[in-house]
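Structural overview for review
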Amino acid sequence: MLTRKKILAFGETLWDLFPTGAVLGGAPFNFVYRVSSLGDEGRIASRIGKDELGLRVLDALDDMAMDALLVQIDPEYPTGTVGITLDEARNPVFTIHRDVAYDRIVPTEELLAAAADVDCICFGTLVQRGQVSRQTLATVLHRIGPDRETIRLLDINLRRGCYSERSVRWSLERANILKLNDSEAREIAGMLDIREPALPDICRRLIDRWSLSACLLTLGERGAFAASRDGQAIYDPGYRVDVVDTCGSGDAFAAGFIHLHLQGEPLDACCRMGNALGTLVATTEGATEGIFQRDVKELFESPPERIEDPEFRAFRRD
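For the structure given in this document, a descriptive report is provided here. None of these values were measured; they are calculated from a predicted model.

**Concerning the packing of aromatic side chains**
Counted according to the given criterion, the structure contains 4 aromatic pairs. Where phenylalanine 225 meets phenylalanine 312, the ring centres are 5.1 Å apart and the plane angle is 50°; that geometry is what we call tilted. Linking phenylalanine 225 in strand 12 (residues 224-228) with phenylalanine 312 in the segment after strand 15 (306-307), this pair joins segments that are 87 residues apart in sequence. Each member of the pair phenylalanine 225 and phenylalanine 312 is classed as buried. Put simply, the rings of Phe225, Tyr235, Phe312 and Phe315 touch in pairs and so form one group of aromatic residues. Between the NZ or CZ atom of arginine 56 and the centre of the ring of tryptophan 15, over which it lies, the distance is 4.6 Å. Looking at arginine 272, its charged tip hangs above the ring of phenylalanine 300, at a distance of 3.8 Å from the centre.

**Details of the side chain of arginine 129**
Within the secondary structure, arginine 129 sits in the loop between strand 8 (120-123) and helix 4 (131-144). Residue arginine 129 is classed as buried on the basis of its relative accessible area of 17%. A polar contact is formed between the side chain of arginine 129 and the side chain of tyrosine 102, at a distance of 3.2 Å. A polar side-chain atom of arginine 129 sits 2.8 Å from a polar atom in the side chain of aspartate 103. Those residues in contact with arginine 129 that sit more than four places away from it in its chain are Ile96, His97, Arg98, Asp99, Val100, Tyr102, Asp103, Arg134 and Cys162.

**With respect to the sheet that holds strand 1 (residues 6-10)**
If you walk across this open sheet you meet the 9 strands as 5-4-1-8-9-10-11-12-13, and the pairing is mixed. Only two strands of the sheet have a single neighbouring strand rather than two, namely strand 5 (71-74) and strand 13 (233-236). Sheet twist, expressed as the average angle between the axes of neighbouring strands with direction ignored, equals 15°. As paired strands, strand 9 (residues 151-155) and strand 10 (residues 177-181) are joined by 3 bridges and run parallel to one another. Following the sheet pairing, leucine 154 is matched in strand 10 by leucine 178. Helix-sheet contacts for helix 2 (residues 52-63) involve strand 4 (41-49) and strand 5, and the interaxial angle to strand 4 is about 165°.

What counts as what
Residues numbered from 1 in each chain as written. Predicted model: local features only at pLDDT ≥ 70, side-chain atom pairs only at ≥ 80, totals over all residues. Heavy atoms only, no water. Phe/Tyr/Trp six-rings, centres within 6.5 Å; stacked < 30°, edge-to-face > 60°. Helix = DSSP H or I, 4+ residues; strand = E, 2+ residues; numbered from the N terminus. Buried < 20%, exposed > 50% of the residue type's maximum accessible area, 1.4 Å probe, protein only. Lys NZ or Arg CZ within 6 Å of the ring centre and 35° of its normal. Polar contact = N/O pair within 3.5 Å; in protein donor to acceptor, adjacent residues only side chain to side chain. Contact = heavy atoms within 4.5 Å. Pairing = 2+ DSSP bridges. Axes fitted to C-alpha atoms, helices over the stretch in contact; angles between N-to-C directions.

Take a look at the structure:
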């Protein structure tokens with residue numbers, strides 16, 4: 001029987017502004033929504049404006065039966081928004097608006113108490129662009145402490161103009177699991193002077209150099225790869241599906257992986273679950289459409305054609 005785990009996501013809650021309308025999102029919010037849908041106790045620590053979009057966030061949290069205790073209300077700054085268009089491959093192109101409420105998350109007593117009693121915390125680099133939220137994140141991670149067995153998941157989410165080499169290094173020093181995509185892996189390799197050209201080798205170097213327990217790599221339609229500090233490595237190929245948009249697919253991968261990882265499941269099962277959830281989210285609009293256990297089961301039982309990346313073939317297990 002699965003044990004319900006306590007998971008905290010720190011960072012942006014915002015509205016993704018598609019040409020067709022607004023969809024609630026933000027990588028930490030997407031992640032914690034998915035882990036909650038899998039049965040864990042997920043909570044989002046964020047900040048929204050005292051405006052119409054902020055009220056809509058609270059209404060949406062209520063509709064999703066999600067805890068809003070750690071969602072702060074800012075009387076001055078607006079709720080975060082991101083303009084989104086889709087490229088030819090249905091991948092999102094972001095215009096991230098600045099000087100918004102989630103740049104000003106403060107260390108409340110409720111937030112620090114919650115941080116001291118979690119099984120996993122998820123954070124990224126976007127929320128660190130603002131000094132107030134950056135300092136609060138440091139306080140929250142310090143409250144957890146380095147000696148606890150809490151999973152500190154860095155979903156790095158490099159967004160143009162919203163990160164630096166300093167924020168990347170600071171984050172890696174405080175994480176024990178790293179999740180990133182293939183383009184982010186190459187960018188970080190260049191930033192940190194990692195000279196291996198192959199993506200699996202980049203993951204291994206990141207694990208060794210930053211004392212990570214695991215590195216998770218999403219590959220878009222080509223699936224996902226996971227490597228652990230004990231030398232394990234697993235590749236799960238992609239599924240050929242009709243993609244609506246890929247918003248939230250990486251967040252869903254992280255949620256599926258962490259959900260099973262916290263239950264003590266092996267690396268291959270965790271990677272397979274994450275890949276399935278990420279695939280299913282890509283077949284919906286936005287990041288927070290409902291995906292159910294029966295959908296995952298159906299995908300496993302009647303999988304569509306798989307899409308394999310030759311670079312990772314040696315790590316595939318069927």
